[in-house]
Amino acid sequence: MAVLQQSNQVSEVMKTNQVTERYGVSLSQRDAELIAAERLQTLKEQKRVEFGEGIMPKIIYEFCDSSFIDQNNYVETLLKLQEIFYLYKNEMHDEISDDELLHFMKEQFETVCFGDLDYLESTCLRIFAEAVRAGYRGYRASDGYGEYAEFDEVKRWDYELYLETLKELCWR
C-alpha cells in the first residue's frame, strides 16, 4: 500500500510540470521520487499523518512563478518549503488551512523575505504562528493575504522615499 501511495505522489508531482514549465522550472522523475521520499521523512519528523496526494502539488503551484526560484534551486527550495509547511502546520495547531498558510508563505517569501527561506521560517512564520496560537483569526477573512504587516517587528523603509533620496543624491 505504501509503495502504491508513494508512486501516486510521484505521479501527482510530475503532473505539475505541465504548468511549471511555463515558468522555466520542471522536475525529473528522480526529483519527484526524492520529493516523495523527503515528504515521508518530514511527516515522520513532524509526527504528522497525511492522506491523498500530499501538499507538494499545492506548494509547487503556489511558488512556481516566484522570481526567487529557478531551475538551479527549484528542488532544494521545494524540499525546504515542504519542511517549513509541515512544521508550521504543527506550530499553528492546524488552526490555519493549507491554502491560508501557503498564501501567507508565498506572499512573505516574495515581499518581505526576498526569497530567503531562513527568514521566512525563523522570523515571518514564527511571529505569525505566535499570533495564531494566541487566538488571532484575521487571516480567515483574507485567505492568508496581507497579514504580516500587522505583526512585523521590523520597521520597513519606504521605497518611494528611497527613490526620491537617491535622485537627490545623484543630482547634486
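Because the structure is predicted, anything quoted here is derived from the model rather than measured. (Residues numbered from 1 in each chain as written. Predicted model: local features only at pLDDT ≥ 70, side-chain atom pairs only at ≥ 80, totals over all residues. Heavy atoms only, no water.)

### Overview of the packing of aromatic side chains
And then number 1: Applying the stated criterion to the full structure yields eight aromatic pairs.
And then number 2: Aromatic side chains Phe128 and Tyr136 sit 6.4 Å apart centroid to centroid with 70 degrees between the ring planes, which places their arrangement in the edge-to-face category. In this structure, Phe128 and Tyr136 share a single accessibility class: buried.
And then number 3: Each ring, one from Phe128 and one from Tyr139, has its centre 5.9 Å from the other, and the planes form 75 degrees; the classification is edge-to-face. With a gap of eleven residues between them, Phe128 in helix α7 (residues 117-133) and Tyr139 in helix α8 (residues 139-142) connect regions that are remote in the sequence.
And then number 4: On the basis of relative accessible area, Tyr139 is assigned to the buried category, the value being 0%.
And then number 5: An aromatic cluster is present here, built from Phe63, Phe68, Phe109 and Phe114 joined pairwise through their rings. (Phe/Tyr/Trp six-rings, centres within 6.5 Å; stacked < 30°, edge-to-face > 60°. Buried < 20%, exposed > 50% of the residue type's maximum accessible area, 1.4 Å probe, protein only. Helix = DSSP H or I, 4+ residues; strand = E, 2+ residues; numbered from the N terminus.)

### A closer look at the side chain of Asp31
And then number 1: Secondary-structure assignment places Asp31 in helix α3 (residues 29-45).
And then number 2: Salt bridges are absent for the buried Asp31, whose nearest opposite-charge side chain, Arg30, sits at 6.5 Å.
And then number 3: With sequence-adjacent residues up to four places away left out, Asp31 is seen in contact with Ser26 and Val75. (Lys, Arg positive; Asp, Glu negative; His and termini not counted. Salt bridge = Lys/Arg side-chain N within 4 Å of Asp/Glu carboxyl O. Contact = heavy atoms within 4.5 Å.)

### Examining helix α4 (residues 56-63)
And then number 1: Of all eight residues making up α4, six are buried, and the element is well covered by its neighbours.
And then number 2: Those residues of α4 lying buried are Met56, Pro57, Ile59, Ile60, Glu62 and Phe63.

### Topic: empty space enclosed by the protein
And then number 1: Enumeration according to the criterion identifies one cavity of 30 Å³ or more in this entry.
And then number 2: Lining the largest cavity are Gln9, Val13, Ile35, Ala36, Arg39, Glu53, Met56 and Gln82.
And then number 3: Listed by contribution, the elements that provide at least two residues to the lining of the largest cavity are α1 (2-15) and α3.
And then number 4: Sorting elements by how many residues they give to the lining of the largest cavity places α3 first, with three residues.
And then number 5: Here the lining of the largest cavity is composed, by residue class, of four nonpolar, two polar and two charged. (1 Å grid on protein atoms, 1.4 Å probe; cavity = no way out; pocket = protein on both sides within 12 Å on 5 of 7 lines; lining within 4 Å. Points joined across faces, edges and corners; volume = space filled by probe spheres on them. Nonpolar A, V, L, I, M, F, W, Y, C, P; charged D, E, K, R; others polar.)

### Considering the packing of α3 against helix α5 (residues 74-91)
And then number 1: At their nearest, the axes of α3 and α5 sit 10 Å apart, and the two run at 20 degrees to each other. Taken together, the axis directions place α3 and α5 in an arrangement best described as roughly parallel. The interaxial crossing formed by α3 with α5 has right-handed handedness. Here Asp31, Leu34, Ile35, Glu38, Arg39, Thr42 and Leu43 of α3 lie close against α5, whose contacting residues are Val75, Leu78, Leu79, Gln82, Glu83 and Tyr86. (Axes fitted to C-alpha atoms, helices over the stretch in contact; angles between N-to-C directions. Parallel < 35°, antiparallel > 145°, perpendicular 65-115°, else oblique. Left-handed = near helix turned anticlockwise from the far one by under 90°.)

Any functional reading would require information beyond the geometric quantities listed.
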